[in-house]
Amino acid sequence: MLIVTEDICKQVIGRADAFVAVEAVFAAMAKGDAYNFPVIREAIGHADALYGFKSGFDRAGLVLGLKSGGYWPGNMDKGLTNHQSTVFLFDPDTGMLQALVGGNYLTAVRTAASSSISIAHLARKDAKVLGMVGAGHQAGFQLRAAAEQREFNKVVAWNYHPDMLPGLGKVAEEIGLPFEAVEREQLGAEADVIISITAAHEPLLMKDWVKPGTHLACMGTDTAGKQEMDPALLAAATVFTDEVAQSISIGEAQHAIAAGLIVEDAITSIGDVINGNHPGRASDDEITLFDGTGVGLQDLAVASAAARLAEEQGKARQVDF
Ligand code: NAD
């Protein structure tokens, strides 16, 4: 059995590895070769924490396992990240434990890979301004991954807690992009690509603020009751997702579906675009919206890549179990 620590994950998995692993598993999901098992997520009544499991099996990549973890909102005050998770990988032929892999860094890179895959496949090629809604732990990872997909020349950003914006501004500075904190209406008017990655429970962006041709990657809504977008925006957009079942139940589409503004059949798996079974963006004026709900198979895909690379590079610890 291999142990791959958080530090080793950071050493062996880069953005490009995560992009390739997540894109492949999205493609396998759309072909029916990989599937996620029902998600367990519980408020445990302690430390205000949400805890659960995401699991699945990728028959194409032969990856079986689960991510255990959740969200502890008080962690930041203890110098820890609020999301805490660990991935367990099992041998699909025997059920034996194959690897224990730190899941915190991998969660951030696999989530950033997800939105960047949507940008690669759906955003206008001439997109120049990147809009960021959110400035928490995930936002910097999102910004770095998105910046590699188009030739952006500026970042505009808004956050519910404005004091967090300079941290995101530093990331933009590090990758050489001018950064401006703006109001939400201005963000919608300027941005060609918008990423939302917040813990919001109400719409942050209204339909009329978003210009034609925009691509939105909505990444924050991963639980029933959470919300970042005006449901009318989903009705105006062509909606894509990592997994339709999650999109309509715990993703951003849950609200537009509940309001009867869109139907499930109108939501397309991003894997169908990757596989060439859906054309993706149809025109320069179309608003495309990716509902990135976060599936267990993403975690397993990057954890499996991390275990393989760590073993190849002699960095994984072998333990008899
Ligand atoms: P974080 O705690 O570091 O940051 C939270 C962010 O949400 C900050 O920008 C904060 O200002 C903002 N926020 C908090 N309360 C808000 C409110 N009431 N209205 C609007 N904004 C508010 O968290 P993080 O690790 O950056 O994660 C952000 C969100 O992304 C979380 O909700 C998390 O569950 C979600 N997430 C989704 C995926 C996925 O795959 N889709 C993966 C990881 C995290």
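Residues numbered from 1 in each chain as written. Predicted model: local features only at pLDDT ≥ 70, side-chain atom pairs only at ≥ 80, totals over all residues. Heavy atoms only, no water.

(A) Representation of the nonpolar core in the model. Judged by nonpolar contacts, the single largest core of 64 residues is most densely connected at Ile13, Phe26, Leu89, Val101, Leu106, Met132 and Ile195. Shared between two domains, this core holds at least three residues of each, these being domain 1 (2–107 + 297–318) and domain 2 (122–294). When near neighbours in sequence (up to four residues on either side) are disregarded, Ile13 contacts Ala18, Tyr105, Leu106, Val109, Val302, Ala305, Ala306 and Leu309. Leu234, Ala237, Val239 and Ala253 belong to the second-largest nonpolar core, a separate cluster that totals 26 residues. (Core = buried A, V, L, I, M, F, W, Y, C linked by side-chain atoms within 4.5 Å. Buried < 20%, exposed > 50% of the residue type's maximum accessible area, 1.4 Å probe, protein only. Domains from an automatic or database assignment. Contact = heavy atoms within 4.5 Å.)

(B) View of the packing of aromatic side chains. In this structure the tally under the stated criterion is four aromatic pairs. When the ring of Tyr105 is compared with that of Phe141, the centres are 6.3 Å apart and the planes differ by 65 degrees; the resulting orientation is edge-to-face. Separated by 36 residues along the polypeptide, Tyr105 in helix 3 (residues 104–122) and Phe141 in helix 4 (residues 137–147) bring together distant segments of the chain. One cation-aromatic arrangement involves Arg184 over Trp158; the distance from NZ or CZ to the ring centre is 4.6 Å. (Phe/Tyr/Trp six-rings, centres within 6.5 Å; stacked < 30°, edge-to-face > 60°. Helix = DSSP H or I, 4+ residues; strand = E, 2+ residues; numbered from the N terminus. Lys NZ or Arg CZ within 6 Å of the ring centre and 35° of its normal.)

(C) Structural detail: the domain arrangement of the protein chain. Domain annotation for the protein chain reports domain 1 (2–107 + 297–318) and domain 2 (122–294). Taking only C-alpha atoms into account, the centre of domain 1 sits 24 Å from that of domain 2. Contact residues are listed per partner, giving 17 residues for domain 1 and 19 residues for domain 2. Taken together, the two surfaces of domain 1 and domain 2 that pack against each other cover about 1500 Å², and 57% of this comes from carbon and sulfur. (Buried area = accessible area lost by both parts, 1.4 Å probe.)

(D) Local environment of the sheet that holds strand 10 (residues 179–181). Strand order in the open sheet formed by eight strands is 10-9-8-11-13-17-15-16, and the pairing between neighbours is parallel. Here the strands that pair on one side only, and so sit at the sheet edges, are strand 10 and strand 16 (268–269). Contacts between helix 3 and the sheet are confined to strand 11 (193–196), strand 13 (215–218), strand 15 (238–241) and strand 17 (288–291), with strand 13 contributing the most and set at about 160 degrees to the helix. Sitting on the sheet, helix 4 is in contact with strand 8 (129–133), strand 9 (154–158) and strand 11, with an inclination near 165 degrees to strand 8. (Pairing = 2+ DSSP bridges. Axes fitted to C-alpha atoms, helices over the stretch in contact; angles between N-to-C directions.)

(E) Molecular detail of the environment of Gly79. Along the chain, Gly79 turns up in the loop between strand 5 (63–71) and strand 6 (83–90). The spacing of Gly79 and Gly69 is 10 residues in sequence and 18 Å in space, taken between C-alpha atoms.

(F) The pairing of strand 7 (residues 97–102), seen in detail. Where strand 1 (residues 2–4) meets strand 7, three bridges bridge the pair, whose relative direction is parallel. Counted as the bridge partner of Val4 is Val101 from strand 7. For strand 6 and strand 7, the ladder comprises five bridges, and the chain directions are antiparallel. When the sheet's bridge partners are listed, Phe88 is paired in strand 7 with Leu100.

(G) Molecular detail of the packing of helix 3 against helix 11 (residues 296–312). Axis separation between helix 3 and helix 11 bottoms out at 9 Å; the angle between their running directions is 120 degrees. For the crossing formed where helix 3 meets helix 11, the hand is right-handed. Only Gln298, Asp299, Val302, Ala303 and Ala306 of helix 11 make contact with helix 3, whose side of the interface consists of Leu106, Thr107, Arg110, Thr111 and Ser114. Of the residues contributing to the contact of helix 3 with helix 11, the split by class is four nonpolar, four polar and two charged. (Left-handed = near helix turned anticlockwise from the far one by under 90°. Nonpolar A, V, L, I, M, F, W, Y, C, P; charged D, E, K, R; others polar.)

(H) Examining the site of the ligand more closely. The immediate surroundings of the ligand are formed by 27 residues, with Tyr71, Arg110, Asn159, His161 and Lys226 found nearest. In this structure, His83 approaches the ligand through a side-chain N or O atom, which is 3.2 Å from an oxygen atom. Residue Lys226 places a side-chain N or O atom 2.7 Å away from an oxygen atom belonging to the ligand. When the ligand sits alone it has 850 Å² of accessible area, and the protein chains cover 90% of it. Breaking the shell around the ligand down by element, the ones donating at least two residues are helix 3 and helix 4. Partitioning the shell around the ligand into residue classes produces 10 nonpolar, 14 polar and three charged. (Near = heavy atom within 4 Å. Polar contact = N/O pair within 3.5 Å; in protein donor to acceptor, adjacent residues only side chain to side chain. Areas by Shrake-Rupley, 256 points an atom, 1.4 Å probe, with all protein chains shown as cover.)

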